[in-house]
Structures are given as C-alpha cells and as structure tokens.
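# Close look at the chain arrangement
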Amino acid sequence: MSKFIATSAIRGAQGIVAEADSMLQDALQKLGPDTPIEFKDKAGGGTTFYLPVIYGLMGNKVQKLGDLVPVVEHAKSLVPPLPQDNLWLPYLGETLDAGAATLFAFETIEGIRFANGEQPEKRNGVEYNGPISDVQARSWGIQLVDGRMPGFAAIVGAAKSNEVAVKIVRELQSKGQLIFLCSDNNGRSMLDQLMEENVDIGYDTYIVPFGSDTISAIYGLGFATVAALSFGGVEPGDFRRILLYNKFRCFAFVLALGPVDDLKYAAAAGAINYGFPVIADTVIPNILPTGVTRYEHVVSIPFDDIPGKDDLERAERLVQRCVEIRGIKIKIAKVPIPVAYGPAFEGEVVRRADLAIEFGGKGGMCFEWLRMKELDDVEDGKVEVVGPDMDSFEEGSKVPLAIVVDVAGRKMQKDFEPVLERQIHHMTNGAEGFSHQGQRDITWIRIHKNAIAKGFTLRHIGDILHTCMHNDFGAIVDKVQVTLYSEPDKVAELI
C-alpha cells in the first residue's frame, strides 16, 4: 500500500470528519435534533432507504438531525492517525477505514444540507441532480442485474479539454456505462465542459451530475448500496455482503481527471471499499496488487503519455484501459454489418451464378489465424484492411486473403487459441450472403452479389469477429483486433 496515498487519504478523512462534526453541532443548535432529513432528487423523487450508505453499511435509519450523532461518532472512531515518517506498515486496512469514515462524513454533510434546504444544489444557473430516486434506481438496477448496463463510471474533476470530455463520455456511453459527474478542478468541472459542447445531460442520456464538489460523490455509492439492498437480498447493516455484492456484481470505477487532493484520495479510499478501482489521468502512486478490488486498486495513466495520434485517440484508449482494469465485459447488441445476421444463414450456399468474389478454395490462398497477445499489444475494436477491398476486384474472381485475429484477456490462455480459431467458421457464417468452409490454411469463403450490393466489405468480417468474440467468449476475451490482408505477396508470406 502506498504510504503517500495512505497519508493523503487519512489526512483527507480527518479533515472531512471534523467538518461533518462541526456542521452537525451547529445544525443541532440552530435547527434542533428533530429537524427531518429526506433525500430527494431535483425532480422531487425520494428514497425509502433513508441516507443509503449509512443505512446499508451501518443499519441506522437517519430520519432527523439527531440520528446523525451516532454516525459521526462512529466515523470519528474509524479515522486512524497519520502514518509516521519513521515507521512503514501495511496501510491498506487503515486507509480503507479512513475511506469508510469519509463516506459517512460525506452523507452526513449532505443530510445536513438537505435539512438546511440547500440541496439539490443550484449553482451558476445549473440545477444538479442530487441523489438518485428509488424509481430511477430500480430502473437502472434491473439493467445492472440483466447485464444491459455493465456498471457506472464516476468521473471526478475535469478533462484536459472540452473535446476530450465529450470523447470520454461518448466512449463510455458506447460501452453501456452509466456516467456520474462530480467535483471540479480549480472551479471548472466536466459538467461545464459538456454543457459548453451542448451535450444533453440527465437520466435519459445516462449522464448524471450529482453536485459541484467531491462530497456529492456519495450519491453514486448510495446508488450502489441501494442496488445491493434491492437486488442482492442483503439486509441493512450487513456491510460485508454489500461491499462484496458491488465488488462482483456492479462493475463501477472512478476516473479522476486532473489534480488529486487529500479529499479526493479519501473519497477514492471509500470507493475502493466497494471494490471500485480508481484510475487517474495524472501522475500519482500506483497500488497494483489485487485484493479488495478484483484487479488493480489505483492506476495512474498520465494522459499525455498514452499512445495515440491525438488527444481524442488518447481519450478513447484511456476509457478502454478503465474498462480493462475493472474487468468489464462488453456485450454488443447487434453485429454492425449492412446485411442480416443470424443462425438462419449458417447453411447458406453461394452458387457460381450468384458469386461476387471468393477467397481460397481449389487453387486459391486463404487462411485464418488467431493468436494470443498481451493486453497492451491489442487495440480493442481495431479492424484494418491491408490491400484492396472487395469493390476493387472483378466479379467472380478468386483472391488471396489472410484473416489475422489478435485476442487478449486476463483469463486468456495459449491453449484456448485453437478453440477460438475454430469458432471463426460459425461466427462468419451467420452473415447473409457469406459462405465459409474449412479452417486454418484450407479456408474457403464465397460472397454473394447481393451482399456486395448492400455494402459488405472486408472490414465487416472483422466487425463480425470482434462482436462475436466479445459476446460468446467475454469470460476469457477482453480485447479483439482483426487485420485482413488481400495483397497476394503478403498473404503468401504470412501463410
């Protein structure tokens, strides 16, 4: 465990717990212990889970200010002293305690703000969402359970530029992720950037701004807690099962954009309790050993060091890395090709009279080769065609073709290569107007004229394989990259 992160998180926890204690004492004196507290989103939707994190992890029903007194006392008891300079210890347990204390302090402060009529927050003409209502939590919770929504990304701070902010959000949306926004960098937030680019914000677009400060991140963990209580069959107060449910069932992560201060480190420690890893686009210490999270706990990916032609490509790869670190399995709803796709076409025969082009067969060269690579060596979703495409060849011609599929995954093994390679036959045969026979270096492919007329190209073979590998073998495959070669000399060299 990084001593630097531990020290920063504990220092942040000490400060926020002291602030919560001070605010509570002041509120008790001014408003009285019987002042009611109720979480509501900006539309007025409420929750039956009281203050969800406190209710879930402690079992305490906070309905009025006086109910927060034992919560703050418990938070104070969890905060450890700062690590000593002359003694280095395993700091993980103490840091996680500090993270839990931070979450209780965050929700206490938000509860007091509701009692004061200060929430949901309105700032600079923007009305923030605040907590997630029960109605919306149930709707999203069902999608988490059935797999339509893999999880959520809690974005803290602001991106390098407006263009990068939009790219990050679009990449997350394309992967089915719910997006929560909070906090800022020197007064500028991701919400500001998206609004300036006219990006629609709200429940309908899966982009939810909780508030302008880091404290509002508690609403995301409240949603995660409600999911465990509602769909995991967990009783309030059974904190261990709630945290384990989120570790294994709710594939969420924190993406910290910009500088990370003590309070953000403390909030990150709280998120790690839930099994949610933290990825930063700046230089901070890494915590790579696994344990509380499924894979790495804290990963620093300095934005300018990410390989790519420009910032937009770096943003795309940053999101891919986040998905990989959390172990999110992407399901692609539909194969993105211009012809129909399904098992009904698997036995289709393309006859000579209907033939547009063929690869391999008697006297031809065509092969397919699937190989395992390291995660960093595969760019998920990349499909490249080296050589001329189908529209460049005469109708009915026989052309050489090499299909090279690179796959990577945390659970991928070398022994799986031939098993996955044999599935190329079934995957590609599902396309209308596409006939595939054989395997390895005796592959024979025929394409119907109608498929070419509808716009089917070599690239679409790669799209089929990328989609089906993820959907059918997502348990072992995290990334798929396909390269198709149609230059005769290159095919001969590779074969």
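Residues numbered from 1 in each chain as written. Predicted model: local features only at pLDDT ≥ 70, side-chain atom pairs only at ≥ 80, totals over all residues. Heavy atoms only, no water.

What follows deals with the overall build of the chain. Counting its regular elements, the chain contains 15 helices and 16 strands. Dimensions along the principal axes, computed over C-alpha positions, put the chain at roughly 90 × 50 × 40 Å. Looking at the chain as a whole, 56% of its 495 residues are labelled buried. The long-range share in the chain, meaning contacts at least 24 apart out of those at least 6 apart in sequence, stands at 78%. As presented, the chain carries roughly 20,800 Å² of accessible surface, and 50% of it is formed by carbon and sulfur atoms. If the 50 positive side-chain charges of the chain are averaged to one point and the 67 negative ones to another, these points end up 4 Å apart. (Helix = DSSP H or I, 4+ residues; strand = E, 2+ residues; numbered from the N terminus. Buried < 20%, exposed > 50% of the residue type's maximum accessible area, 1.4 Å probe, protein only. Contact = heavy atoms within 4.5 Å. Areas by Shrake-Rupley, 256 points an atom, 1.4 Å probe, with all protein chains shown as cover. Lys, Arg positive; Asp, Glu negative; His and termini not counted. Charge placed at Lys NZ, Arg CZ, Asp CG, Glu CD.)

This part is about the pattern of salt bridges. Taken as a whole and judged by the stated rule, the model has 33 salt bridges. A salt bridge links Arg-321 to Glu-324; the shortest N-O distance between them is 2.8 Å. One end of the pair, Arg-321, and the other, Glu-324, are both in helix α11 (residues 311-326), three residues apart, so they sit about a helical turn from each other. Glu-324 sits in the buried class, given a relative accessible area of 8%. Each member of the salt-bridge network shares a partner with another, and the members are Lys-160, Asp-304, Asp-311 and Arg-314. (Salt bridge = Lys/Arg side-chain N within 4 Å of Asp/Glu carboxyl O.)

Ranked by size, the top nonpolar core spans 83 residues in total, and within it Leu-65, Leu-68, Phe-152, Phe-180, Phe-223, Tyr-274 and Phe-276 carry the most contacts. No other element matches helix α4 (residues 92-115), which puts 12 residues into this core. Counting residues in each nonpolar core, the second largest holds 36 residues, with Ile-357, Phe-456, Leu-458 and Val-477 among its members. (Core = buried A, V, L, I, M, F, W, Y, C linked by side-chain atoms within 4.5 Å.)

An order of β5-β4-β3-β6-β7-β8 is seen for the six strands of this open sheet, with the pairing classed as parallel. The open sheet has two free edges, formed respectively by β5 (207-211) and β8 (298-300), since each of these has just one partner strand. Sheet twist, expressed as the average angle between the axes of neighbouring strands with direction ignored, equals 20°. Sheet analysis places strand β7 (residues 278-280) next to β8, joined by three bridges and oriented parallel. Across the sheet, the residue bridging to Ile-279 is Val-299, located in β8. (Pairing = 2+ DSSP bridges. Axes fitted to C-alpha atoms, helices over the stretch in contact; angles between N-to-C directions.)

Counted at 1.5 Å a residue, the expected span for helix α5 (residues 134-146) with its 13 residues is 18 Å, and the 18 Å between its end C-alpha atoms agrees. Three or more residues of α5 are buried, namely Asp-134, Gln-136, Ala-137, Trp-140, Gly-141, Gln-143 and Leu-144. Considering only its buried residues, α5 is in contact with β4 (178-182), β5 and α8 (218-231). Just downstream of α5 lies Gly-147, where phi reads positive at about 90°. (Expected span 1.5 Å × (residues − 1).)

What follows concerns the sheet that holds strand β9 (residues 355-360). One open sheet accounts for four strands, arranged β12-β9-β15-β14; its pairing is mixed. Whereas interior strands pair on both sides, the edge strands pair on one side only; in this sheet they are β12 (397-399) and β14 (434-437). The average undirected angle you get between the axes of adjacent strands in this sheet is 20°. Two strands pair when backbone bridges link them, and β9 and β12 are joined in this way by three bridges, in the parallel orientation. Of the residues in β12, the one forming a bridge with Ile-357 is Ser-397.

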